[in-house]
Amino acid sequence: MATRYLLPCQCGKKSEVDANQAGLTVRCACGAELAVPAMRGLATLEKVESAPAAAPTSAAPAWGARQGVMFLGAAILIVAGLAALFFWIRFVEPVTLRPDYQEVNRERNEELSLEDSFAEWREKLQKGIEIPELEMQLEKYEEYNEGIMQWEFVCGGFAAIGLLLMVVGLFLPEPRGGRS
């Protein structure tokens, strides 16, 4: 910034001038014409205390609403995906019967006579075939699957919210000045 000087007038007022005006004439607020001295003469005049230089204008902030919404959406999507993966890996178990289930039934069936075996099958066909151990295992598995499905829906819901936030972020206006 160029140094500014105060050029006194006969009226008592002072006009600001700079080195570019050396040797020219300027008009005072009172209307009088003042001759601006040469460079040597300017050095003898009172200098104006200049205001500190204005801070250079900075570019738009790197993170605006658009980037914030997209980051939040991506973070939610990633957390939901990791949670779903955790539940899938941690809790998926196959239905298993007792390890000796076949052996126990085979031994029992071998002990029955043909008539007793036929009578047992007739009774089961009339009432419905129910195997208590298998029914208990299947009920446990169904309850287990319902719990897993609930967590998968929760994780899927959060993932959908995260994806929606990312899409909304794409349509938000960019900060003024654009990207650098």
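Keep in mind that what you see is a predicted model, and the values were worked out from it rather than measured. (Residues numbered from 1 in each chain as written. Predicted model: local features only at pLDDT ≥ 70, side-chain atom pairs only at ≥ 80, totals over all residues. Heavy atoms only, no water.)

Among the surface-exposed residues, Glu135, Glu139, Glu142, Glu143 and Glu146 lie close enough to one another that they form a single negatively charged patch. Looking at where Glu135 falls in the secondary structure, it is placed in helix α5 (residues 132-171). Look at Glu135 and you get partly exposed, because its relative accessible area is 33%. (Patch = residues over 30% accessible without salt bridge, like charges linked within 9 Å, V, L, I, M, F, W, Y side chains within 5 Å. Areas by Shrake-Rupley, 256 points an atom, 1.4 Å probe, with all protein chains shown as cover. Salt bridge = Lys/Arg side-chain N within 4 Å of Asp/Glu carboxyl O. Lys, Arg positive; Asp, Glu negative; His and termini not counted. Charge placed at Lys NZ, Arg CZ, Asp CG, Glu CD. Helix = DSSP H or I, 4+ residues; strand = E, 2+ residues; numbered from the N terminus. Buried < 20%, exposed > 50% of the residue type's maximum accessible area, 1.4 Å probe, protein only.)

Let us look at the environment of Leu170. Assignment of secondary structure puts Leu170 in helix α5. Measuring from C-alpha to C-alpha, the distance between Leu170 and Arg66 comes to 6.9 Å, with 104 residues separating the pair along the chain. Those residues in contact with Leu170 that sit more than four places away from it in its chain are Arg66 and Met70. (Contact = heavy atoms within 4.5 Å.)

Core analysis: the biggest nonpolar cluster contains 10 residues, these being Tyr5, Leu7, Cys9, Val17, Val26, Cys28, Leu34, Val36, Leu42 and Leu45. Those residues within four positions of Val36 in sequence are excluded, and the remaining contacts are Leu7, Val17, Gln21, Ala22, Gly23, Leu24, Val26 and Leu42. (Core = buried A, V, L, I, M, F, W, Y, C linked by side-chain atoms within 4.5 Å.)

Of the pairings in the sheet, the one linking strand β1 (residues 4-8) to strand β2 (residues 14-18) comprises five bridges and is antiparallel in character. Bridging from a neighbouring strand, Pro8 pairs with Lys14 of β2. Between β1 and β2, which pair antiparallel in sequence order, lie five residues; one of them, Gly12, sits at a positive phi of approximately 105°. Note that β1 and strand β5 (residues 46-47) share two bridges and pair antiparallel. When the sheet's bridge partners are listed, Tyr5 is paired in β5 with Lys47. (Pairing = 2+ DSSP bridges.)

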